[in-house]
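Residue-level structure breakdown
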Amino acid sequence: MGTRRRPATEAEARALASAVRLRILRLCLDQALTNKEIAGRLDANPATTLHHVRKLVETGFLAAEPSRPGPRGSTEIPYRATGKSWEMDVHESGVSGGSAAMLDAFLEESRLIDLERADVVRLGLRLTPEGHAELRRRLEELLEEFRGRQPPDGQAYSIFLAVHRDVTRDP
């Protein structure tokens, strides 16, 4: 969203152009999870999930933590999100699908909650280019501020924000 983020490489942009991978990053944001735990929370095949986990590790979006003993003598590797995705701007990468993946991830996650209890706002605006730039800058500042003050005992929330041209109002 902002200009302070560094451009994503093609590999990074491709890794983020997947709703499943974005959901994995969200799951591993506050706690390290094993591939089996991730697959269970996504109700997905562990082999498919492992493919996505490996892609995220390869591109630096997930980091493996020290292995731990698993059931029946197995070894489990927990993974935690690195926060790197917040530092990326995928729009200049030449890879399409990043915004659609974000929307798809949001829609999949929103099906799991009671939308009547969610704070949902929709607003139509008319902005000059300068006003649009100011809105983007101020929203980014607000998001950065709240990202920086996350108490460990706080409740988990997610924000999905889309600022787009309203093609239905202008011919």
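Please refer to the structure placed before this passage.
Now for a quick tour of the structure. (Residues numbered from 1 in each chain as written. Predicted model: local features only at pLDDT ≥ 70, side-chain atom pairs only at ≥ 80, totals over all residues. Heavy atoms only, no water.)

Relative to the assigned elements, Asn35 resides in helix α3 (residues 35–42). By relative accessible area, which is 13% here, Asn35 ends up buried. A polar contact of 3.0 Å, which involves the side chain of Asn35, links it to the backbone nitrogen of Leu50. With near-sequence residues (within four places) excluded, Asn35 lies in contact with Pro46, Thr49, Leu50, Val53, Ile77 and Tyr79. (Helix = DSSP H or I, 4+ residues; strand = E, 2+ residues; numbered from the N terminus. Buried < 20%, exposed > 50% of the residue type's maximum accessible area, 1.4 Å probe, protein only. Polar contact = N/O pair within 3.5 Å; in protein donor to acceptor, adjacent residues only side chain to side chain. Contact = heavy atoms within 4.5 Å.)

This brings us to the pattern of salt bridges. Enumeration over the complete set of coordinates arrives at 16 salt bridges. Where Glu65 meets Arg80, a salt bridge forms, and the shortest distance between an N and an O atom there is 2.9 Å. On the criterion of sequence distance, the pair formed by Glu65 in the loop between β3 (62–64) and β4 (68–69) and Arg80 in strand β6 (residues 78–81) is long-range, its members being 15 residues apart. Glu65 sits in the partly exposed class, given a relative accessible area of 29%. According to the relative accessible area criterion, Arg80 is partly exposed, its value standing at 29%. (Salt bridge = Lys/Arg side-chain N within 4 Å of Asp/Glu carboxyl O.)

Before going further, it helps to spend a moment on the packing of aromatic side chains. One pass over the structure, following the stated rule, counts one aromatic pair. Measuring from ring centre to ring centre gives 4.6 Å for Phe106 and Phe160, while their planes differ by 20°; the resulting arrangement is stacked. In this pair, Phe106 sits in helix α5 (residues 98–110) while Phe160 sits in the segment after α6 (129–148), placing the two residues 54 residues apart along the sequence. Phe160 sits in the partly exposed class, given a relative accessible area of 33%. (Phe/Tyr/Trp six-rings, centres within 6.5 Å; stacked < 30°, edge-to-face > 60°.)

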